[in-house]
Amino acid sequence: MMKTTFPRGRGRWLRAGLWLIAAAGASLGAAAQTVVKVEPPDWPLARRPTAVQLLVTGENLAGARLVSATKGVTAGAVEVSSDGRYAFCEVTVTPTAKPGPVKLVLATPQGQAPAPWALFAPLPRSAAFRGLTPDDVVYLLMIDRFANGDPANDSPPGMPPADRGKSKAYHGGDLRGVMDKLDYLQALGVTAIWMTPVYDNADDAEDYHGYGATDFYAVEQRFGTLADYQALAAEIRRRGMKLLQDVIPNHAGPRHPWVRRPPTPTWFHGTPERHLTCNFDIPTLTRPDATPEARALVLEGWFAGILPDLNGADEKYKRYAIQNSLWWAEKAGLDGMRLDTYPYVVRSFWRDWQRAMDAAFPRFAAVGEVWHGDPAVIAFFRGGKTGWDGIDTGLRSQFDFPLFYAIRDFAGGDAPAARLAELLQRDALYGDARMNVTFVGNHDVPRIRRAVGGDLRRVKLALALLMTLRGVPQLYAGDEIGMDGGEDPDNRRDFPGGFGDAPDAFTPAGRAADQQGVWLETQRLIALRRQRRALRRGGHRDVVVQGKQWAFIRDHGKERLLVVVNGDDAPAEVDVPLKALLSPPTRRRRWSPELLHSSSPGLASLAVAGTVARAPVEALGYRVFRLP
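Residues numbered from 1 in each chain as written. Predicted model: local features only at pLDDT ≥ 70, side-chain atom pairs only at ≥ 80, totals over all residues. Heavy atoms only, no water.

## As for the overall build of the protein
Piece 1. Within the protein, the regular secondary structure consists of 15 helices and 29 strands.
Piece 2. A compact globule built from 628 residues should have a C-alpha radius of gyration of about 25 Å, and the protein, at 28 Å, falls within 12% of that.
Piece 3. Counting only C-alpha atoms and orienting by the principal axes, one finds that the protein spans roughly 100 × 55 × 45 Å.
Piece 4. Across the 628 residues of the protein, 57% fall into the buried class.
Piece 5. Here the analysis covers contacts within the protein between residues at least 6 apart in sequence; of these, 73% occur between residues at least 24 apart.
Piece 6. Of the charged side chains in the protein, 78 are positive and 70 negative; the average position of the first set lies 8 Å away from that of the second. (Helix = DSSP H or I, 4+ residues; strand = E, 2+ residues; numbered from the N terminus. Rg over C-alpha atoms; globule rule 2.2 N^0.38 Å. Buried < 20%, exposed > 50% of the residue type's maximum accessible area, 1.4 Å probe, protein only. Contact = heavy atoms within 4.5 Å. Lys, Arg positive; Asp, Glu negative; His and termini not counted. Charge placed at Lys NZ, Arg CZ, Asp CG, Glu CD.)

## Remarks on the sheet that holds strand 9 (residues 104-108)
Piece 1. Within the open sheet, the 3 strands sit side by side as 5-9-10. Their pairing is antiparallel. The strands lining the two open edges of the sheet, one partner per strand, are strand 5 (65-68) and strand 10 (111-114). Going from strand to strand, the sheet's axes swing by 30° on average, the running direction of each strand aside.
Piece 2. Of the pairings in the sheet, the one linking strand 5 to strand 9 comprises 4 bridges and is antiparallel in character. Looking across to strand 9, one finds that serine 68 is bridged to leucine 104. (Pairing = 2+ DSSP bridges. Axes fitted to C-alpha atoms, helices over the stretch in contact; angles between N-to-C directions.)

## A look at the packing of aromatic side chains
Piece 1. The final tally for this structure, using the stated rule, is 38 aromatic pairs.
Piece 2. Aromatic pair tryptophan 267 and tyrosine 317: ring centres 5.3 Å apart, planes at 75°, arrangement edge-to-face. Pair noted here: tryptophan 267 is in the loop between strand 16 (242-247) and helix 6 (292-299) and tyrosine 317 is in helix 7 (residues 315-332), with a separation of 50 residues, a long-range link.
Piece 3. Since its relative accessible area comes to 2%, tyrosine 317 is described here as buried.
Piece 4. Taken together, a centroid distance of 5.1 Å and an interplanar angle of 65° make the contact between phenylalanine 280 and phenylalanine 303 edge-to-face. Here phenylalanine 280 is found in the loop between strand 16 and helix 6, whereas its partner phenylalanine 303 is found in the loop between helix 6 and helix 7, with 23 residues between them in sequence.
Piece 5. On the accessibility criterion, phenylalanine 280 (37% relative accessible area) is partly exposed.
Piece 6. An aromatic cluster is defined as three or more aromatic residues linked by ring pairs; in this entry it consists of Phe88, Tyr199, Phe216, Tyr217, Tyr229, Trp258, Trp267, Tyr317, Tyr320, Trp327 and Trp328.
Piece 7. Sitting over the face of the ring of tyrosine 208, arginine 145 holds its NZ or CZ atom 3.8 Å from the ring centroid.
Piece 8. Here the basic side chain of lysine 331 rests over the ring of phenylalanine 120, its NZ or CZ set 3.9 Å away from the ring centre. (Phe/Tyr/Trp six-rings, centres within 6.5 Å; stacked < 30°, edge-to-face > 60°. Lys NZ or Arg CZ within 6 Å of the ring centre and 35° of its normal.)

## What to know about the sheet that holds strand 11 (residues 117-120)
Piece 1. The 3 strands are arranged 3-11-8 in an open sheet whose pairing can be described as mixed. Each edge of the sheet is formed by a strand with only one pairing partner; in this case those strands are strand 3 (43-44) and strand 8 (100-102).
Piece 2. Inspection of the sheet shows strand 3 paired to strand 11 by 2 bridges, in the parallel sense. Across the sheet, residue tryptophan 43 finds its bridge partner in strand 11, namely leucine 119.

## Structural notes on the environment of tyrosine 317
Piece 1. For the pair tyrosine 317 and tryptophan 267, spaced 50 residues apart in sequence, the C-alpha separation works out to 6.2 Å.
Piece 2. Filtering out sequence-adjacent residues up to four positions away, tyrosine 317 remains in contact with Pro249, Trp267, Leu310, Asn311 and Gly312.

## Things to note about the packing of helix 10 (residues 401-411) against helix 13 (residues 456-468)
Piece 1. Where helix 10 meets helix 13, the axes come as close as 9 Å, and the angle between the chain directions of the two elements is 145°. Seen from above, helix 10 lies across helix 13 with right-handed handedness. Of helix 13, the residues touching helix 10 (which contributes Ile407, Phe410 and Ala411) are Arg458, Leu461, Ala462, Leu465 and Leu466.
Piece 2. The residue makeup of the contact of helix 10 with helix 13, split by class, is 7 nonpolar, no polar and 1 charged. (Left-handed = near helix turned anticlockwise from the far one by under 90°. Nonpolar A, V, L, I, M, F, W, Y, C, P; charged D, E, K, R; others polar.)

## Some remarks on the domain arrangement of the protein
Piece 1. According to the domain assignment, the protein consists of domain 1 (34-120), domain 2 (138-531) and domain 3 (539-627).
Piece 2. Placing the centre of domain 1 and that of domain 3 at their C-alpha centroids yields a distance of 65 Å. (Domains from an automatic or database assignment.)

## Focus on the pattern of salt bridges
Piece 1. Enumeration according to the criterion identifies 50 salt bridges in this entry.
Piece 2. Put simply, aspartate 427 and arginine 470 hold a salt bridge, and the shortest N to O gap is 2.9 Å. Residue aspartate 427 is located in the loop between helix 11 (417-424) and strand 20 (437-439), and its partner arginine 470 is located in the loop between helix 13 and strand 21 (472-476); the two are separated by 43 residues in the primary sequence.
Piece 3. For aspartate 427, a relative accessible area of 16% gives the class buried.
Piece 4. The shortest N-O distance in the salt bridge between arginine 524 and glutamate 521 comes to 3.2 Å. Here glutamate 521 and arginine 524 lie together in helix 14 (residues 513-531), a separation of 3 residues that amounts to about one turn.
Piece 5. According to the relative accessible area criterion, glutamate 521 is buried, its value standing at 5%.
Piece 6. Bridged by salt links that share partners, the residues Glu315, Lys318, Arg351, Asp352 and Arg355 form one connected network. (Salt bridge = Lys/Arg side-chain N within 4 Å of Asp/Glu carboxyl O.)

## Description of unusual backbone geometry
Piece 1. Going from glutamate 39 to proline 40, the amide bond is cis rather than trans, its omega being -5°.
Piece 2. Positionally, proline 40 belongs in the loop between strand 2 (34-39) and strand 3.
Piece 3. At the junction of aspartate 488 and proline 489, the peptide bond is cis and its omega measures out at 10° in the coordinates.
Piece 4. On the secondary structure map, proline 489 appears in the loop between strand 21 and helix 14.
Piece 5. In this model, asparagine 60 sits at a positive phi of 60°, which is unusual for a non-glycine residue.

Structure (structure tokens):
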């Protein structure tokens, strides 16, 4: 890279100097420089001097210098790629700057070109950036598969139209469609929405899912515009709900312009012709004795051998990616981010990313995707402690894949209650396990209905565990009506009624009886969780772990709840030791637990039988009691 600086000055000297540069270039007949893109395209006003790295894309940028004619914005050093395609430009935004266009000029010996840029007023910190807590219920939806609110964007010029007949094509879902269904989500009880990525992707490819970005600063045109996204975010805030964005620092799409002409020699790991393929061996990263070659297969391999692997250790890329996250948070007023493929990016990147986000938004949520079933492996990436590499990632929340597997296996009849109980005993590994995002389904695995053999009683059992155990529960769009689906892309079917067709499962009248049954039960379980602080923030104590029967107490302050679960396909009477329930023991004669929720309301309540309290539970059923 070539590094140059521009002397400070204003007025006639600056204008004359730029004219001379342009004239000299023209006299030599050299190709004039062009500027086609500036990233980030704008930036929030600063409360203190803030340095920003601009990535300017163009042609013939060799020898470029940056000049600012806007008060409060100063230009600094410029580094240009060897092919003259990219210029990394330093600017500093000071508190004296005002919102609006910034006059930046990129000057080279061949002339000068404006570098379009602007400043905008940030949202008040009290208006957004609220993070997640165990009080929230998150709803994951795939934009393209949820609802089509604007058919006008289904067929971008020159691109194939949306085609719902092809499982991997764009189907037409968009941001307007999400906006139209916010009433539905609130009625269900959802408090936070996580959408798959909004980034621009290749419109003629199978990138409907959003994970093959071709522009990290643009909204996919089939989904809408940046203004549409901001309007959706504002409406979500107005309703008191929260919004999480899916971010992908690990890789770009195969058709990103960087792939053939990267901004730095180390921007990517490898090239399209020569690269490693990620082997997903996450435990290797937790071992200090792993070889560099073994680590490289995890950290440098291209995802599925297709998605170009971005290098989080490249300082300029790292700064680009961190600024990108800051920009989206400010531009949309986000409350958090889902961090895709978290372990496949070097930990030093995440340490610096987390520090930057925490400094800007202290309550902001960052949820790391570490797809592994061992809590020790997951916890290695958790913050609050240093790993063998001396790095503390600062990460405070993760998707709870170990619990995901355990709930599915138990609800499906493939695991005893001990599997769940023993797993929760390892919660100390996480620091605060209440911040784990728990789930029984997402867009990468077969639907919960398929996983439990199609039995909707087992689906409800899984949802009941999700809503009564610790963590921040997350639903996957469609699981609340018992949608079916196998491996990707079958697990990404369109939400019924979201595309102008019938039946419309967004309405009670449009749901079949079994769909309505699952929906109502999901709604009731969310309401129970919302009403009971012990379920959201309380401690956990097992009182019965026997075969496929499980009873545990959730307590917070004076509130104590008993949850009794029967994972067997036959009715059971679960005997809970009375001494574990009485508080204090002298109240035995006046002991009268209250039934709060039951999968079968007609069953008898707890009955004292000698030294136990007997709870009848239907096959694949569950009951929740408030203890005196």
